[in-house]
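Reading the structure
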Amino acid sequence: MLKKLFLLVFVVALCNSCSSSDDGGGGESNCADPMNQTAQGNFRGDNFVSPGGTFILAPGGNNGYSCTIYVENRTNNDCVFPEFGNGLGDQDSIKFPIDDLSLSSYNYTDTGGSAINFNRIEANSVTTTAELATCGTVTITAYDANAETLTGTITANGQDGSQINGTFVLDLCVF
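The structure displayed is predicted, hence computed values, not measured ones.

So, the overall build of the protein
Looking only at helices and strands, the protein features one helix and 10 strands. The order of helices and strands in the protein, counted from the N terminus, is α-β-β-β-β-β-β-β-β-β-β. Residue burial in the protein is summarised as follows: out of 175 residues, 36% are buried. Restricting the contact set of the protein to residue pairs at least 6 apart, pairs at least 24 apart contribute 54%. About 10200 Å² of surface is accessible on the protein, with carbon and sulfur atoms providing 52% of the total.

Encoded structure:
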């Protein structure tokens, strides 16, 4: 009986020592440190450099903001229903929530309520497929109320190999 109790204590201690990183955020240690470059990476096999994006008050009366980093340039000025000129008609973007516009850091994993998503809305369809980030960190470094811009850094790795790393500037989207 004593051997079983010792084994159980050992297994519990081992599991607790491996459950998360030292900073308490869990999972994000697998992501690279943010690089001092325009946000760029690989979106489902295609390399990209982000032209920017938008942030909007969370829809449906929810608290916080929904942020979108574009994978390519918009071909229209509509920030709610943007169109992109990739020739395929797909709308690719990286989306993540933030609580407010204060200078803060957020850690994301593919578990829990908040995540970074590599989203694709397929051409001629209403089908959206999301590749969740297994790890990710977003740091808000500036908010300019006069210019209505939000600046920060992001690093994230998707479940299927998509990646983003670098700095971003998002414009306020008013719906």
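Things to note about the environment of Ser66
Along the chain, the position of Ser66 falls in strand 4 (residues 65–70). Excluding residues that lie within four positions of it along the chain, Ser66 makes contacts with Thr54, Phe55, Ile56, Ala58 and Phe96.

As for the state of the cysteines
All chains considered together, the criterion is met by two disulfides. Paired by a disulfide, Cys31 and Cys135 hold their sulfur atoms 2.0 Å apart. Judged by the sign of its S-S torsion, about 100°, the cystine formed by Cys31 and Cys135 is right-handed. Here Cys135 lies in strand 8 (residues 128–144) and Cys31 lies in the loop between helix 1 (2–17) and strand 1 (40–43), a separation of 104 residues in the sequence. On the basis of relative accessible area, Cys31 is assigned to the buried category, the value being 10%. We classify Cys135 as buried; its relative accessible area is 0%. Note on cysteine connectivity: Cys79 is disulfide-linked to Cys173, with sulfurs 2.0 Å apart. Since a negative S-S torsion denotes a left-handed disulfide, the Cys79-Cys173 link at about 80° is right-handed. In this pair, Cys79 sits in the loop between strand 4 and strand 5 (91–98) while Cys173 sits in the segment after strand 10 (163–172), placing the two residues 94 residues apart along the sequence. Since its relative accessible area comes to 18%, Cys79 is described here as buried. Since its relative accessible area comes to 4%, Cys173 is described here as buried.

Rules used throughout
- Residues numbered from 1 in each chain as written.
- Predicted model: local features only at pLDDT ≥ 70, side-chain atom pairs only at ≥ 80, totals over all residues.
- Heavy atoms only, no water.
- Helix = DSSP H or I, 4+ residues; strand = E, 2+ residues; numbered from the N terminus.
- Buried < 20%, exposed > 50% of the residue type's maximum accessible area, 1.4 Å probe, protein only.
- Contact = heavy atoms within 4.5 Å.
- Areas by Shrake-Rupley, 256 points an atom, 1.4 Å probe, with all protein chains shown as cover.
- Disulfide = S-S within 2.5 Å.

Remember that the coordinates give geometry; whether it matters functionally is a separate question.
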